[in-house]
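These are the residues of each chain, in order.
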Amino acid sequence: AVQIFTGTNTFTNHIFPRVLGVGLIHTSDMVVNQSTWTTVPFSAERWDRGEMHTTGGVTIATVTIVRTGIYIVTANASYLNSTNNGELGLRIMSTGNRVGIICEHIYSRTSGSPVLREGMVCPTTIDMTANDTIYVQTFQSTDATRTLTSSGEYSPKLAVTYWGD
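Residues numbered from 1 in each chain as written. Predicted model: local features only at pLDDT ≥ 70, side-chain atom pairs only at ≥ 80, totals over all residues. Heavy atoms only, no water.

Undergrad: How do you make sense of the state of the cysteines when you look at a structure like this?
TA: A disulfide bridge is the covalent bond that connects two cysteines by way of their sulfur atoms. Enumeration over the complete set of coordinates arrives at 1 disulfide. Here Cys103 connects covalently by a disulfide to Cys122, the sulfurs 2.1 Å from one another. The sign of the -120° torsion about the S-S bond sets the Cys103-Cys122 disulfide as left-handed. One end of the pair, Cys103, is in strand E10 (residues 100-109); the other, Cys122, is in strand E11 (residues 117-128), with 19 residues separating them in the sequence. (Disulfide = S-S within 2.5 Å. Helix = DSSP H or I, 4+ residues; strand = E, 2+ residues; numbered from the N terminus.)

Undergrad: Would you mind showing me how to read the packing of aromatic side chains here?
TA: What describes a pair of aromatic rings is the distance from one ring centre to the other and the angle between the planes of the rings. The final tally for this structure, using the stated rule, is 2 aromatic pairs. On the numbers, 5.4 Å between centres and 70° between planes, the contact of Tyr71 with Tyr162 is edge-to-face. Taken together, the residues Tyr71 in strand E8 (residues 69-80) and Tyr162 in strand E14 (residues 157-164) connect sequence positions 91 residues apart. Positioned above the aromatic ring of Trp37, the side-chain terminus of Arg91 is 3.9 Å from the ring centre. (Phe/Tyr/Trp six-rings, centres within 6.5 Å; stacked < 30°, edge-to-face > 60°. Lys NZ or Arg CZ within 6 Å of the ring centre and 35° of its normal.)

As structure tokens, then:
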């Protein structure tokens, strides 16, 4: 049960269903080479209800859909500052019954003024089939190498939540 504040010194217990889904985070800075789509390996789980994320090895970057249905999928990532022009990209990919890009965000940097961080968010709702997989890739064309930051709320994240049939 979760206690919800309902007034002065009053809490009410509520039961919330365990929602099928997974939340992942990348916990260390990651260097991304120029002009190459690079898969983001997620190093920590925020939650995994349904054993959708396999830890270790090549599959650390992959979420496996365990139940056919509609899913809400969101990824985000931020690069440390640069004064160079170019593009930054973030995309959510799928293999299995649904193959290819399921969401893509391309950010064109045309100003030479530095900013602390440049972030991208890629949210989508998609119909998935059991055993399809989801993974995240990032891209940058501003520098020979550029750092994808792992600083707090800016660290790369992926959330996949089952919405229904």
